[in-house]
Amino acid sequence: MNENVLSRAVPAKTSGWLHYFANPGRFLRFVQPILPWAAGVSLILTLAGLVWGYQFAPADWEQGDAARIMYVHVPAAWVAMSGYAMLAVCSLFSIVWRHPLADIAAEEIGPIGAGFTFVCLVSGSLWGKPMWGAYWVWDARLTSVLVLFFLYLGHIALIRAFDNKTHGYRAAAILALAGAINLPIIVYSVQWWNTLHQGNTISLAGGAKIYMTMLYPLLISTLGFYLSFLTMVCARVAAAVCERKTASALLAAAERG
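What counts, and where the lines are drawn
- Residues numbered from 1 in each chain as written.
- Predicted model: local features only at pLDDT ≥ 70, side-chain atom pairs only at ≥ 80, totals over all residues.
- Heavy atoms only, no water.
- Helix = DSSP H or I, 4+ residues; strand = E, 2+ residues; numbered from the N terminus.
- Contact = heavy atoms within 4.5 Å.
- Areas by Shrake-Rupley, 256 points an atom, 1.4 Å probe, with all protein chains shown as cover.
- Patch = residues over 30% accessible without salt bridge, like charges linked within 9 Å, V, L, I, M, F, W, Y side chains within 5 Å.
- Salt bridge = Lys/Arg side-chain N within 4 Å of Asp/Glu carboxyl O.
- Buried < 20%, exposed > 50% of the residue type's maximum accessible area, 1.4 Å probe, protein only.
- Core = buried A, V, L, I, M, F, W, Y, C linked by side-chain atoms within 4.5 Å.
- Expected span 1.5 Å × (residues − 1).
- Arc of directions from axis to C-beta.
- Phe/Tyr/Trp six-rings, centres within 6.5 Å; stacked < 30°, edge-to-face > 60°.
- pLDDT = per-residue confidence, 0-100.
- Axes fitted to C-alpha atoms, helices over the stretch in contact; angles between N-to-C directions.
- Parallel < 35°, antiparallel > 145°, perpendicular 65-115°, else oblique.
- Left-handed = near helix turned anticlockwise from the far one by under 90°.
- Nonpolar A, V, L, I, M, F, W, Y, C, P; charged D, E, K, R; others polar.

A few points about the overall build of the protein
- Within the protein one finds 10 helices and two strands.
- Starting at the N terminus, the α and β elements of the protein follow one another as α-α-α-α-α-α-α-α-α-β-β-α.
- Taking the contacts inside the protein whose residues are at least 6 apart along the sequence as the reference set, 73% of them involve residues at least 24 apart.
- Approximately 13600 Å² of the protein is accessible, and the part contributed by carbon and sulfur atoms is 69%.

Put into structure tokens, the structure is as follows:
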């Protein structure tokens, strides 16, 4: 598959930026110089947030030091949900507009999103043990996040389940779009059902319910997690594009020879 095929036309009705980055070569030229800086900044932010939260922020008045795991758990949960939302958007671009990079991006988002979801589940279990007396309960939010993890795994498996990769992309895109219904279930599960999981401590409407000395490191850690996620996704997409271009060049050379 050469770059001309990868950059097949995107309908003119779509927005300019969507058409602009439909060209894989242009995407590489934009992303590759930024990746080292993004990786460095994401590492600094993540470490700063975690060190601040675990060493200098005060312990929670009710949960004590056990609540410090939120500096990993909460950012991982937010990134896991946001990553799946990105996966659904890429799937929409793939099905509706046949965007050439959408399938590649969706394929690379899957494993990273599953990794963050796994971190969310493990850290939540470690937090639940001292609070609930058990590592796992079939709580509405915990169960819906577990479903999110399985959706990620299903997307990864579907892409690789067909000999024709295009069929795998289509099937995985349909699953991603259907699974997006789980995102509002995760967000509102603590309001819709009587659960052990505590309510949202930060919301756009209600503000924050924690002290600023705990909120600031949490936000810095979250920013670091998000930037790490985006950096890893862009790096994997760039590597996948380079791999396809190299394979295409080798195939063309073999055909000429």
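Concerning a nonpolar patch on the surface
- Taken together, the side chains of V51, W52, F56, M212, Y216 and L219 define a hydrophobic patch exposed on the protein surface, amounting to about 600 Å² of accessible area.
- Counting only elements with at least two residues in the nonpolar patch, the list comes to α4 (35-56) and α10 (212-256).
- Taking relative accessible area as the criterion, Y216 reaches 43% and is therefore assigned partly exposed.

Some thoughts on the side chain of S42
- Structurally, S42 is set in helix α4.
- Every residue in contact with S42, bar those within four places of it in the chain, is listed here: G224, L227, S228 and T231.

Describing the pattern of salt bridges
- Within the structure shown, the criterion is met by six salt bridges.
- Here R160 ties to E107 by a salt bridge, and the two come within 3.9 Å at their closest N and O atoms. A residue pair is termed long-range when its members are at least 10 positions apart, and R160 in the loop between α7 (140-159) and α8 (165-179) and E107 in helix α6 (residues 102-132) qualify at 53 residues.
- Given the relative accessible area of 49%, R160 is considered partly exposed.
- A salt bridge links R244 to E107; its shortest N-O distance comes to 3.7 Å.

So, the nonpolar core
- Of all hydrophobic cores here, the largest spans 40 residues; its most connected members are Y84, L87, L148, F229 and V237.
- Residue assignment for this core shows that the elements contributing at least two residues are α3 (24-31), α5 (70-97), α6, α7, α9 (182-192) and α10.
- Other than its neighbours up to four places away in sequence, F229 contacts V79, G83, M86, I109, I112, G113 and F116.
- By size, the runner-up hydrophobic cluster in this structure holds 11 residues, among which are I69, Y71, W127 and M214.

Some words on α7
- Between its terminal C-alpha atoms α7 stretches 29 Å, which fits the 28 Å expected from 20 residues at 1.5 Å a residue.
- If you check which residues of α7 are buried, you get R141, L142, S144, V145, L146, L148, F149, L151, Y152, H155, I156 and I159.
- Looking at the buried positions of α7, the neighbouring elements they touch are α5, α6, α8 and α9.

Let's talk about α3
- The complete set of buried residues in α3 reads P24, G25, F27, L28 and V31. All buried residues of α3 project into a common sector of 160° when viewed along the axis, lining one side.

As for the packing of aromatic side chains
- If you walk through the whole model with that rule in mind, you get eight aromatic pairs.
- Taking 6.2 Å as the distance between ring centres and 40° as the angle between the ring planes, the aromatic pair formed by F118 and F149 counts as tilted. In this pair, F118 sits in helix α6 while F149 sits in helix α7, placing the two residues 31 residues apart along the sequence.
- Three or more aromatic residues joined by ring pairs form one cluster here, namely F116, F225 and F229.

Focus: the confidence of the model for the protein
- For the protein, the mean per-residue pLDDT works out to 86, and 85% of the residues sit at or above 70.
- No element of the protein has a lower mean pLDDT than helix α1 (residues 3-6), which averages 43, and none a higher one than α4, which averages 96.
- A low-confidence stretch, residues 1-14 stays under pLDDT 50, and its non-local contacts, those more than four residues away or across chains, total 27 contacts.

Regarding the packing of α5 against α9
- Their axes nearest at 10 Å, the elements α5 and α9 cross at an angle of 155°. When the axes of α5 and α9 are compared, the pair comes out roughly antiparallel. Between α5 and α9 lies a crossing whose hand is left-handed. Facing M81, Y84 and A85 of α5, the residues of α9 in contact are L183, I186 and V187.
- Among the residues forming the contact of α5 with α9, the class breakdown is six nonpolar, no polar and no charged.

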